[in-house]
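Structural overview
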Amino acid sequence: MSRKFGLRIAGAIGLVAVLCVAGWYGFLAWSRTKVRAEVDAVFAGIRDTGAKASFTDATFDPKEMGITVTGISILSPDGAARVKVDRLSARGGERPNDRRVAVDALDLDGVEIALTGEAAAGGTITYTLPQVMIDRYNGPMTLVAAGEGNGPFGALRVALRQLAATTAAKVTIPEARGRITPAGAAPSEFTYRNLAAEGVNAGLIRSMVVDTITFSFPLPPLPQAQIGDSAKDAQPGAGAAPDKTAPSRATAQIDGYVAAQIDTAPLLLMTQPGGPSGKAAETYGRIVGKVVTGPYKMTQENGPTQGAQSILLENMAIRPASFDAQRIATFEALGRKAPDLSPEESRRFIEVTRDLAGGLAFTTYAITNATSEQQGAKGKVAMVRLEGLANGVLDGATLEGVEGVTPGGGAAKMARFAVRQLDFNQLTRLAAEADAPSPLSALVLFKVFSGVEMKGLEVPYGEGQQSNEPVKIGTFALSWGGSLGALPSYLDFTLADVSGPINADDGEPFTYLLRAGITRATISMGLKAAYDINDRTLTIAPVTTEVKDAFRVNLESTLADVPDAAFTDAAGFISALPAVAAGPVKVTLTDLGLAKLIFAQMAAAAGVSEDEYRNEVVALAEGFAAELKAVSPDAESVGEAVVAFLRKPGTLTVTATPKGRVPLLALAGSDDPSVVLEAFRFSATATAP
């Protein structure tokens, strides 16, 4: 469970706790002469639950038809929850009916709420609300779940039960401060300013608006080995300042927070005594319809400063059964100990994290204009968007407009990066094998996600005179799928417009480009493969490679008699190979300018004209084709096509067709060219540009 989510719940506890206070003191069965007695009776009812309850004074204002109670103090039966209110004022009410009360206005001053023990996960939680104003309050006169305040979720359960029995037109809290101190850990603190909740009705809240939210929390420690290395390198002398290389605390602020369609019923089910159970606990329940924030900024001590223009969250839901108290306690305990975990603890931490993540769902989570800065390095992402999280699987994650600058001034950027169908369940399975991976662990990657795409990447590259020359990638796309087994039954790969500086060490064909004055090369590649379960054929087409202004090669091939068991797993693939037969193969070579460069440069080196050099090469090719004709009848058409291509370079296509059934393993295991000539029939064509 993320820290932000925890702080939202903490804020919700504060709000419902205020409404809970309103319920405790909904005692407007007043009269001019009996107000003190009636207040005493209400507090006696609270004490009947086993709690301690007292007040200092109670007065009645006949003009305002209001009652004021001061010095209120409530302590739960187990001593784990304490509520103090300096002053409570209720105006314009009706006489209680069926142990419920309704008032026009309810104001509370100096509210303090403190939780300890199990209710605070072994630590302490405190809330301070200097002023609370509630319009048109209607709720029970006393606690509806007074005996349910024990256990790790006790205080939250009591507050949510009270909220479920309460209505209010509006709740206004100018300031709310909270402090969460886990056992044996540094505290987290938060402050809400100008909070307004409207449409509170039986556990539902129509909207909540907060002007400013600030919070601070401790950062996780660095690994012990890293801390040791830092201390060894620093070697401070006597009186030296303590080492501050490790970040220790983060502070953040959100300016503007709006939430709509809040439903606390799933949270209430999560706090069920004995743990959440039943059909509703196993299904997702929406807790908020939409959250929108304004600018956000977080600063870490000795770490980066991060921020965003806005954050959007839509249709946030939880599966209550995933958030039982024991699982959350285990997660928090291991999180405090991380990263110094044993292998068994690491495995358990991964499992608990997976279970908690599987209990969260949303349709959209988006961040606009996210920024980060640290020690001169700057980064920006125009849009981060996560779509469709449910059951531990994210439909898609997209980053757009990524930019970065290094302290030395190097710049990098990326127009778009996207991942499809990211499965955190499979990812945790892979992470669990990180220390002892099996040879087949890599196959899990096919299940971790189903595709990745990157566009418009530009990063610094090169040395010397080429140090400012960037490497660019127009498009990188890789996707796969199929439901036959661990191996995908289709694959689609594209790498387009990859460009970068070239030099003499890059070899052919780049040396020809370099001699022609071309200092950058652009490469594109692609591969598609798909299995037809009905025909039992695997088509690999097209497989392309292109060097701009040089050449393009396109290959198409087919494998026959491929059993679907080949895609079950690696063992099935190996077992199926003896049954696979080679199919037709077609290779197409298209000249994009390389032939002219070669002829021109070779002719210049030989001291002859380009036409003279070309004629010499064509004559050699004709002689070689005549020799091959005696070896294979197909050589004549192939030779003629090659000669035609050399004479006028355009497109050359060579096709190899099996004469019969050709076992793939036998073909691949032979290094005798005559085996290929005997097994295939060859044909070729050449097309002038």
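These figures come from a predicted structure and were not determined experimentally.

1. What about the pattern of salt bridges?
Evaluated as defined, the whole model comprises 24 salt bridges. Residue Arg-177 pairs with Glu-175 through a salt bridge whose shortest N-O separation is 2.4 Å. When its relative accessible area of 35% is taken as the criterion, Arg-177 is described as partly exposed. Here Lys-337 and Glu-345 are joined by a salt bridge, their closest N and O atoms 2.7 Å apart. With relative accessibility at 41%, the residue Lys-337 sits in the partly exposed group. We classify Glu-345 as partly exposed; its relative accessible area is 21%.

2. Quick word on the side chain of Thr-293
Note on placement: Thr-293 falls in strand E11 (residues 285-293). Judged by its relative accessible area of 7%, Thr-293 falls in the buried class. Sequence-distant contacts of Thr-293, that is, excluding residues within four places in its chain, are made with Ile-254, Gly-256, Tyr-257, Gln-309, Ser-310 and Ile-311.

3. Some details on the environment of Gly-623
Relative to the helices and strands, Gly-623 is located in helix H13 (residues 610-629). For the pair Gly-623 and Gly-639, spaced 16 residues apart in sequence, the C-alpha to C-alpha distance is 9.3 Å.

4. Section: a nonpolar patch on the surface
A cluster of nonpolar side chains, Phe-624, Leu-628, Val-631 and Leu-677, forms an exposed patch at the surface whose accessible area comes to about 370 Å². When you line up the elements, Leu-628 lands in helix H13. Owing to a relative accessible area of 35%, Leu-628 belongs among the partly exposed residues under this scheme.

5. Things to note about helix H14 (residues 635-647)
Since there are 3.6 residues in each turn of an α-helix, residues three or four apart along the chain are aligned in direction. The first and last C-alpha atoms of H14 sit 18 Å apart over 13 residues, in line with the 18 Å expected at 1.5 Å per residue. For H14, the set of buried residues is Ala-635, Gly-639, Ala-641, Val-643, Phe-645 and Leu-646. On its buried face, H14 sits against strand E25 (581-591), helix H12 (594-606), H13, strand E26 (651-658) and strand E28 (680-687).

6. So, the environment of Ile-213
Examined against the element boundaries, Ile-213 turns out to sit in strand E9 (residues 204-218). Take Ile-213: its relative accessible area is 8%, and that puts it in the buried class. For the pair Ile-213 and Tyr-296, spaced 83 residues apart in the sequence, the C-alpha separation amounts to 9.4 Å. The contact partners of Ile-213, leaving out residues within four places of it in the chain, are Thr-191, Tyr-192, Ala-252, Gln-253, Ile-254 and Tyr-257.

7. Considering the side chain of Asp-423
Note on placement: Asp-423 falls in strand E18 (residues 411-423). Here Asp-423 is buried and forms no salt bridge, its nearest opposite-charge partner Lys-447 lying at an N-O distance of 8.5 Å. At 3.3 Å, the side chain of Asp-423 forms a polar contact with the backbone nitrogen of Gln-426. Among all residues touching Asp-423, those that are not within four sequence positions of it are Gly-392, Val-393, Lys-447 and Val-448.

8. Quick word on the packing of H12 against H13
At a closest axis distance of 8 Å, the pairing of H12 and H13 adopts a crossing angle of 105°. With respect to H13, the axis of H12 lies roughly perpendicular. For the pair H12 and H13, contact is made by Lys-596, Phe-599, Ala-600, Met-602, Ala-603 and Ala-606 and by Glu-610, Tyr-613, Arg-614 and Val-617, respectively. Along the lines of polarity and charge, the residues of the contact of H12 with H13 split into seven nonpolar, no polar and three charged.

9. Comments concerning the packing of aromatic side chains
Inspection of every chain in the model, using the stated rule, returns 11 aromatic pairs. Relative to Phe-217, the ring of Phe-215 has its centre 6.2 Å away and its plane inclined at 20°; by these criteria the two rings are stacked. Residue Phe-215 is classed as buried on the basis of its relative accessible area, which comes to 6%. By relative accessible area, Phe-217 is classed as buried at 9%.

10. Remarks on the confidence of the model for the protein
Do not read the fine detail of predicted coordinates wherever pLDDT is low. The predicted model of the protein averages 85 in pLDDT, with 86% of residues at 70 or higher. Here residues 22-32 scores under 50 on pLDDT; set against residues more than four positions off or in separate chains, the count is 54 contacts. Low pLDDT (under 50) marks residues 225-247, which in the prediction has 11 contacts with non-local residues, meaning those over four places away or in another chain.

11. A word on the pairing of strand E5 (residues 100-116)
Note on strand geometry: in a regular strand, side chains alternate between the two faces of the sheet. Of the pairings in the sheet, the one linking strand E4 (residues 81-91) to E5 comprises 10 bridges and is antiparallel in character. Paired with Val-83 across the two strands is Ile-113, which belongs to E5. Examined bridge by bridge, E5 and strand E6 (residues 124-140) share 15 bridges and lie antiparallel to one another. The residue bridging Asp-109 from the neighbouring strand is Gln-131, located in E6.

12. Quick look at H13
Here H13 spans 29 Å end to end across 20 residues, near enough to the 28 Å set by a 1.5 Å rise per residue. The secondary structure elements touched by the buried residues of H13 are H12 and H14.

13. Notes on the packing of helix H6 (residues 325-337) against helix H7 (residues 343-358)
Two numbers describe how H6 lies on H7: the axes approach to 10 Å, and their chain directions differ by 130°. Judged by the angle between their axes, H6 and H7 are oblique. As H6 packs across H7, the resulting crossing turns out to be left-handed. Across the interface between the two elements, Arg-327, Ile-328, Thr-330, Phe-331, Leu-334, Gly-335 and Lys-337 from H6 touch Glu-345, Arg-348, Phe-349, Val-352, Thr-353, Asp-355 and Leu-356 from H7. Here the residues of the contact of H6 with H7 sort into six nonpolar, three polar and five charged.

The rules behind each value
Residues numbered from 1 in each chain as written. Predicted model: local features only at pLDDT ≥ 70, side-chain atom pairs only at ≥ 80, totals over all residues. Heavy atoms only, no water. Salt bridge = Lys/Arg side-chain N within 4 Å of Asp/Glu carboxyl O. Buried < 20%, exposed > 50% of the residue type's maximum accessible area, 1.4 Å probe, protein only. Helix = DSSP H or I, 4+ residues; strand = E, 2+ residues; numbered from the N terminus. Contact = heavy atoms within 4.5 Å. Patch = residues over 30% accessible without salt bridge, like charges linked within 9 Å, V, L, I, M, F, W, Y side chains within 5 Å. Areas by Shrake-Rupley, 256 points an atom, 1.4 Å probe, with all protein chains shown as cover. Expected span 1.5 Å × (residues − 1). Lys, Arg positive; Asp, Glu negative; His and termini not counted. Polar contact = N/O pair within 3.5 Å; in protein donor to acceptor, adjacent residues only side chain to side chain. Axes fitted to C-alpha atoms, helices over the stretch in contact; angles between N-to-C directions. Parallel < 35°, antiparallel > 145°, perpendicular 65-115°, else oblique. Nonpolar A, V, L, I, M, F, W, Y, C, P; charged D, E, K, R; others polar. Phe/Tyr/Trp six-rings, centres within 6.5 Å; stacked < 30°, edge-to-face > 60°. pLDDT = per-residue confidence, 0-100. Pairing = 2+ DSSP bridges. Left-handed = near helix turned anticlockwise from the far one by under 90°.

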